[in-house]
Amino acid sequence: MFGIPNFSVLNGFTRTAFLAIKDSAINAPTISVRFASKKTGGSTRYQKVKRRPKHRGWRVQDGEVVTPGTILAVQHHLRFHPGLNVGLGRNGTLFAMEQGQVMITCEKVDADWEHTWVKRIYGGREQENIFKKYFNVIPERQHNNFKLLYSI
């Protein structure tokens, strides 16, 4: 029995016997005890997590002039619909297909009910009148300066 003496056993010993046991305990090999270097900080379950924003929504306003390929709106669900000269990307992005002026209108939805996005969002509402925002690109007027190359 090395280390700290058991005091319940020492009740019947004299002082000299106790000192002898104490001296033998001092010469005994020491055992290191490791204490916590960090104290408990509690749970972090409900900490506010800072996430980067997705920046969805309109990219251009009504009346702006755009070039082909310009992103008009970014969306997660089918919030805005493509109109004249506007394409719908695989991730829901609306983009201009021709150069022209942007016109945003509110129209009754005439959807392709076989499209996967339309099925997911408007499923079961085929008989209802649904009005949504449509992005249209009105092309600029042509110059009307044509040169006649061949005559028939």
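Each chain carries its own residue numbering, running from 1 in the direction its sequence is written. With the structure being a predicted model, the display of local features is reserved for residues of pLDDT at least 70 and the display and counting of side-chain atom pairs for 80 or more, all residues being used for whole-chain, interface and lining totals. Hydrogen atoms and water are omitted, and side-chain values are computed over all heavy atoms in the structure.

Trainee: I'm lost on the packing of aromatic side chains in this one. Help?
Mentor: Aromatic ring pairs are defined here through the distance separating the ring centres and the angle between the ring planes. Each aromatic pair joins two rings of Phe, Tyr and Trp (for Trp, the six-membered one) with centres within 6.5 Å, and gets the label stacked for planes under 30 degrees apart, edge-to-face for over 60, and tilted for any other angle. Going through the model one piece at a time under the given rule, you end up with three aromatic pairs. Consider the rings of Trp58 and Phe80, whose centres lie 6.0 Å apart with planes at 75°: the pair is edge-to-face. Here Trp58 is found in strand S1 (residues 57-58), whereas its partner Phe80 is found in strand S4 (residues 80-82), with 22 residues between them in sequence. You can call Phe80 buried: its relative accessible area is 3%. Arranged with centres 5.7 Å apart and planes meeting at 80°, the rings of Trp58 and Phe135 form a pair that is edge-to-face. Of this pair, Trp58 sits in strand S1 while Phe135 sits in strand S8 (residues 131-139), placing them 77 residues apart in sequence. Three labels apply to residues, based on accessible area from a 1.4 Å probe with only protein chains included: buried if under 20% of the type maximum, exposed if over 50%, partly exposed otherwise in between. In this structure Trp58 comes out as partly exposed when scored by relative accessible area, which is 31%. Chaining the aromatic ring pairs together yields one cluster made of Trp58, Phe80 and Phe135. Any Lys NZ or Arg CZ found within 6 Å of a ring centre and within 35 degrees of that ring's normal is scored as a charge over the ring. Above the face of the Trp117 ring, Arg120 is positioned so that its terminal group lies 4.9 Å from the ring centre. Only DSSP runs of H or I reaching four residues or more are called helices, and only runs of E reaching two or more are called strands; each is numbered from the N terminus.

Trainee: Could you clarify how one ought to interpret the nonpolar core in this entry?
Mentor: For soluble globular proteins, the rule of thumb is that nonpolar side chains tend to be buried together. Put simply, a nonpolar core is a bunch of buried Ala, Val, Leu, Ile, Met, Phe, Trp, Tyr and Cys residues held in one set by side-chain atoms that sit within 4.5 Å of each other. Membership of the largest hydrophobic core is limited to 12 residues, which are Val60, Val66, Leu72, Ala73, Phe80, Val86, Leu94, Ala96, Val102, Ile104, Phe135 and Val137. Of all the secondary structure elements, the ones that give two or more residues to this core are strand S3 (71-74), strand S6 (94-96), strand S7 (100-108) and S8. Throughout, a contact is declared for two residues whenever any of their heavy atoms are within 4.5 Å. When near neighbours in sequence (up to four residues on either side) are disregarded, Ile104 contacts Trp58, Gln61, Asp62, Lys133, Tyr134 and Phe135.

Trainee: Even after reading the chapter, I still don't get the sheet that holds S1, so can you show me in this structure?
Mentor: Strand-to-strand pairing in sheets goes through backbone hydrogen bonds, with the strands running parallel or antiparallel. The pairing criterion for strands is at least two bridges between them, as found by DSSP. Here four strands make up an open sheet; going across it, the order is S1-S3-S6-S5 and the pairing antiparallel. Single-partner strands in this sheet number two, and they are S1 and strand S5 (86-88). Pairing analysis gives three bridges linking S5 to S6, with the strands arranged antiparallel. Each residue of the ladder has a partner; that of Gly87, found in S6, is Phe95.

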